[in-house]
Each structure stands twice: as structure tokens, then as C-alpha cells.
Amino acid sequence: SSSVFLNTLTPKFYVALTGTSSLISGLILIFEWWYFRKYGTSFIEQVSVSHLRPLLGGVESSSTTGLFTSVNGEAEPRPSVSECKVWRNPLNLFRGAEYNRYTWVTGKEPLTYYDMNLSAQDHQTFFTGDTPQLRPEDAVMQKAWRERNPQARIRAAYQGKYNEDRLVKICPSVSYICVCRCAAAYVLLAEEEATTITEAERLFKKALSIGKNILEYTVHELLLHSGKDINLLVYIKRRLAMCARKLGRIKEAVKMMRDLMKEFPLLGMLNIHENLLEALLELQAYADVQAVLAKYDDISLPKSATICYTSALLKARAVSDKFSPEAASRRGLSTAEMNAVEAIHRAVEFNPHVPKYLLEMKSLILPPEHILKRGDSEAVAYAFFHLQHWKRAEGALNLLHCTWEGTFRIIPYPLEKGHLFYPYPGCTETADRELLPSFHEVSVYPKKELPFFILFTAGLCSFTAMLAMLTHQFPELMGVFAKAFFSTLFAPLGFFADKMESFMPSSFWHQLTRI
């Protein structure tokens, strides 16, 4: 019966069969490729692991941490996604004066909701009271920071500012509460409503004068919640220094940053030294840059792309103007050139995403308000502000171009252990996709191999498309091949059916068909 069925099939049936199979597998391939580019994993594989594996009795590991080998050979836990700490970008731009202007021109949102939500949490943590009970004056600004709509945040800040000004006139004895709320309100207005850096600086100066009054009041009255007021004051002074830097008053900005670091040495987590390094590089005060690096490029202190790449820039600058790859290959590298190359390898190992932005192999976008160290977000933030400094050093980018890829020959594969730093964390891609806008192609390291199902569907689509084309061009010949293939495929089934008929009595089959 199977041979009769196969003989009744026409070549058109085979063309339709192979063409439909090619179309379906092609659609699956396109979807798998899109899903992999967007989320970094295969959809079929994810569904299989998440839903089918538990049904089949598979047991997933209860722990997301594995063991890696550290530099000294000892086993250490691999960081999970939750352990990838996100840091505030020390050089983050102003929303109203810079981010919003980009949106007005391009129609694209440079900040993600996740990034802005982290900023709102930062502001609530840094600028509101330490006391267990929320102060009344903090409630208004907490609500303002939590508002998702920018205009709603600005309206809330104006409401708080108006209420407190009115309250000061009525009851001067509560001026501290009002002034505290007013300083935070001016900060929000400077960040989000000011459309120019000059206007933002004016509002920050107003907030600074109020903030100084806050600090004097808290010191005299011995209030317990002065810690947040100090945070607010430091934030305002830092933003004023950044305003001066953007307006070209670089020496003034450097002085403000140095005074801030001297006045509040325990607030190193704010990374004000990275602002100072960028401003000193703009002044081309390389000796001062080296002095700052000598203090902060220490083995006991956390590293950053700014620290590592600025150190590499200084060493590359000393030899890059006379560096020639041909001459170096003939005579070998000098001691200074070797130091520069090693510094570049160290920087690239810390953050391998930066060179493509510095060499303009990949387009830059506005940096996010938060960065992930060793991730693409940190690379974008560093290159956005420091590309000009590398261009200013003659030959530095050429030296980087000639040497940066050599780093990957030093790092062990498949990254069981690092060379100078701990193994590259595997959670950076997920965090960077949350921090960077959707129109930016996130840089991934190490490069992920294509999932099996993408390769499988690509092969299936190509094979069925080829069969459809051959069947369309040579219908008779392909019909013969198809009949021969299916006859061979069904031959074991026919043989098994014949054996069953000879083994079972005919009455059994008759009763079975009746059932």
C-alpha cells in the first residue's frame, strides 16, 4: 500500500513539500537569529532548558556560582549576575542640558528606564534623611525622584520649592526643614529643567548657598541626620566643578575637585579622582595626572577603565611619536616601548571593549548614568570623554591599533583564569543590555558561539531550499530519487508488518480492524 501511495505522488507535491519546509525553517532561523542578537541566547534552547528539562526529570543546579581559578591558582567563586555591581558614572551628563537635547534632535531616548530608576534610587538614598522615620520635607522630594515622567518630576520640585518659600515667610523657626527641601529641589531643577550648562550652574550655585546654610544649622543644632546633608553638599560642589569644566574654566574646575577631595577624603566611592584625571588631561598637565595615578592606581584599590587606560596613555605618549611597527619588528621593542605595550595589554584585559571605540571601529553614543566595570557601558563612558585625549597624543592611537589585539593571545582560553585580573565576569552582557539603549549594539566579550539550533535551522533551511530548487528544475529525476528514498525508508516497516502478519493469525487482524 505504501508503494501505491508513493506512485500516486506527483513532482508538484515534492516541490510544495520541500518549498514549505524551506519556508518554515527559514522563518524559524530568522526568529532565532533575532532573538540571539537581542537577548544573547537561543529561544529554543531557553524553552528546552526552562520548561522541557524539568518535565523530563532534568535537575538544574541550585547555585548560580561555579568555581574559577584565580591568578594564584586557588579556586574562587565565579560572580553571578546579581554580583555584577553597577556604579554611578562619575562623568554622567546633565539630563536637561545634554540628554534631552539629544532626544529633541534625534527622537531617540539615550537613557533606559532601568538606568533612570537607579538614579532615582541614588538620589533618594543620598539626599533624604538617615532617621528611621521619614522627615516631612523628604517626602516631597522622594515623590519627585520617583516620578517617571520628567515634567512630573519638575512640577513636584516646583511645588516643594513654592511650599517651603511660603513656609519660611510664615514661620522662620522651621527654616531648616524648608531650606533642606529647597536645596534638593534646586538640584532636581538644575539636572532636568535647565536646558543649558550656564543655567544649570546658576541653579547649582543657588543650591550650594542653601546647602551651606543647612550644614551650619546641622552643626550648631547637633542634628543627627547631617550625613545626608553632607552628601547633598558634595554632590552640588561636584556638579559645579563639572559645569566649570564644560564651560571651559578648566583650572577652576581642577581647583574645585582638589578642594573637594581634600575636604571629604572618605568619599572615595564617588570616584571624584576620575573627574580630576579628565580635567588634568584636558590641561595636558601630564605630571599631575601621573601624581594622581600614583595614588589611585594601587593594587589594593578597585580599578576602572579610566585608571588603566590613562596609565596606558601616559606610557604610550612617551614613545608613540617615534613608534614604527616595521622598525620594532626589525630591532625589537625598547624598554619604554615594552612598558607601553604591557600597559595597553593590561588596560585591554581589564576592559576589552574600549579599543574599538577609541579606534572608531564602532560608533559612540551618549554614556549612561550608570556603568558596569569591565562592561560595554564603561567603555562607552570612557571613550566618550577620553577619545580626544588619545587623539591629542601623537601616535598613541597607532600604537594602540598595532598592539591591543595581542592581549587576547595572553589571556588563557576558555578564560579559566585571568592574566593580570580575575576572570572576566559572565554577567556583563545582561547588565549592559539593561543600561544601554536598544538602538546601540552591545559589545560582548568573550564572543559567544552560535547556538546549535541556529546552525541546525540554517542547515535545514539551506538543504530543503536546495531540494525545492532541484525538484522544480528536474521533476522527473527528483521524483525517482524521492520514491527510492521513501521506499528504502519504509522498507523496514513493511518487513516488520509482513512478519507480524505471518506470526499473528488472520482472525486476530480481522477482530482488530473491527475494534
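Residues numbered from 1 in each chain as written. Predicted model: local features only at pLDDT ≥ 70, side-chain atom pairs only at ≥ 80, totals over all residues. Heavy atoms only, no water.

## Some points on the environment of P352
Part 1 of the reasoning: Tracing the chain through its elements places P352 in the loop between helix 16 (335-350) and helix 17 (354-358).
Part 2 of the reasoning: Separated by 47 residues in the primary sequence, P352 and A305 place their C-alpha atoms 9.7 Å from one another.
Part 3 of the reasoning: Excluding residues that lie within four positions of it along the chain, P352 makes contacts with R374, W404, F408, Y424 and Y445. (Helix = DSSP H or I, 4+ residues; strand = E, 2+ residues; numbered from the N terminus. Contact = heavy atoms within 4.5 Å.)

## Thoughts on the environment of P425
Part 1 of the reasoning: Relative to the helices and strands, P425 resides in the loop between helix 20 (407-410) and helix 21 (428-435).
Part 2 of the reasoning: For the pair P425 and G375, spaced 50 residues apart in sequence, the C-alpha separation works out to 9.1 Å.

## As for the packing of aromatic side chains
Part 1 of the reasoning: In this structure the tally under the stated criterion is three aromatic pairs.
Part 2 of the reasoning: Aromatic pair F384 and F385: ring centres 5.0 Å apart, planes at 80°, arrangement edge-to-face.
Part 3 of the reasoning: According to the relative accessible area criterion, F384 is partly exposed, its value standing at 31%.
Part 4 of the reasoning: The class of F385 is buried, set by a relative accessible area of 10%.
Part 5 of the reasoning: A cation sits over an aromatic face here: K108 above F439, 4.9 Å from the ring centre. (Phe/Tyr/Trp six-rings, centres within 6.5 Å; stacked < 30°, edge-to-face > 60°. Buried < 20%, exposed > 50% of the residue type's maximum accessible area, 1.4 Å probe, protein only. Lys NZ or Arg CZ within 6 Å of the ring centre and 35° of its normal.)

## Let's talk about the side chain of S311
Part 1 of the reasoning: Looking at where S311 falls in the secondary structure, it is placed in helix 14 (residues 305-319).
Part 2 of the reasoning: Accessibility expressed as a relative area gives 10% for S311, which makes it buried.
Part 3 of the reasoning: In this structure, S311 is in contact with L293, D297 and R346, ignoring residues within four places of it in sequence.

## Quick look at a nonpolar patch on the surface
Part 1 of the reasoning: On the surface, a nonpolar cluster with roughly 410 Å² of combined accessible area is contributed by F485, L489, F490 and L493.
Part 2 of the reasoning: Inspection of the secondary structure assignment puts F490 in helix 23 (residues 475-503). (Patch = residues over 30% accessible without salt bridge, like charges linked within 9 Å, V, L, I, M, F, W, Y side chains within 5 Å. Areas by Shrake-Rupley, 256 points an atom, 1.4 Å probe, with all protein chains shown as cover. Salt bridge = Lys/Arg side-chain N within 4 Å of Asp/Glu carboxyl O.)

## A look at helix 13 (residues 286-296)
Part 1 of the reasoning: Listing the buried residues of helix 13 in full gives Y286, V289, V292, L293 and Y296. Summarising the axial view, the buried residues of helix 13 lie within an arc of 115°, below the 170-degree limit, and thus occupy one face. Seen from the open side of helix 13, the exposed residues pointing more than 90 degrees away from its buried face are A287, A294 and K295.
Part 2 of the reasoning: Check the buried side of helix 13 and you find it contacts helix 11 (250-263), helix 12 (272-283), helix 14 and helix 18 (376-392). (Arc of directions from axis to C-beta.)

## What to know about unusual backbone geometry
Part 1 of the reasoning: Within the chain, N271 stands out as a residue other than glycine whose phi angle is a positive 55°.
Part 2 of the reasoning: Note on placement: N271 falls in the loop between helix 11 and helix 12.
Part 3 of the reasoning: Notably, E360 is not glycine yet its phi reads approximately 55°, a positive angle.
Part 4 of the reasoning: Along the chain, E360 turns up in the loop between helix 17 and strand 4 (370-372).

## Re helix 5 (residues 113-127)
Part 1 of the reasoning: Its 15 residues give helix 5 an end-to-end C-alpha distance of 21 Å, which sits within 8% of 21 Å, the value for a rise of 1.5 Å per residue.
Part 2 of the reasoning: Burial in helix 5 covers these residues: D115, L118, S119, A120, D122, H123, Q124 and F127. (Expected span 1.5 Å × (residues − 1).)

## A short note on the confidence of the model for the protein
Part 1 of the reasoning: Per-residue confidence for the protein gives a mean pLDDT of 76; residues scoring 70 or more make up 73%.
Part 2 of the reasoning: Predicted confidence is poor over residues 58-82, with pLDDT under 50, and the contacts of this stretch with residues over four places away or in other chains come to 38 contacts.
Part 3 of the reasoning: In the predicted structure, residues 164-180 sits below a pLDDT of 50 and forms 20 contacts with residues beyond four places in sequence or in another chain. (pLDDT = per-residue confidence, 0-100.)

## Section: the nonpolar core
Part 1 of the reasoning: Of all hydrophobic cores here, the largest spans 60 residues; its most connected members are Y309, L358, W390 and L400.
Part 2 of the reasoning: With nine residues, the single largest contributor to this core is helix 14.
Part 3 of the reasoning: Excluding residues that lie within four positions of it along the chain, W390 makes contacts with Y309, A312, L313, L358, Y382, A396, L397 and L400.
Part 4 of the reasoning: In this structure, W145, A156, A185 and L208 belong to the second largest nonpolar core, which totals 33 residues. (Core = buried A, V, L, I, M, F, W, Y, C linked by side-chain atoms within 4.5 Å.)

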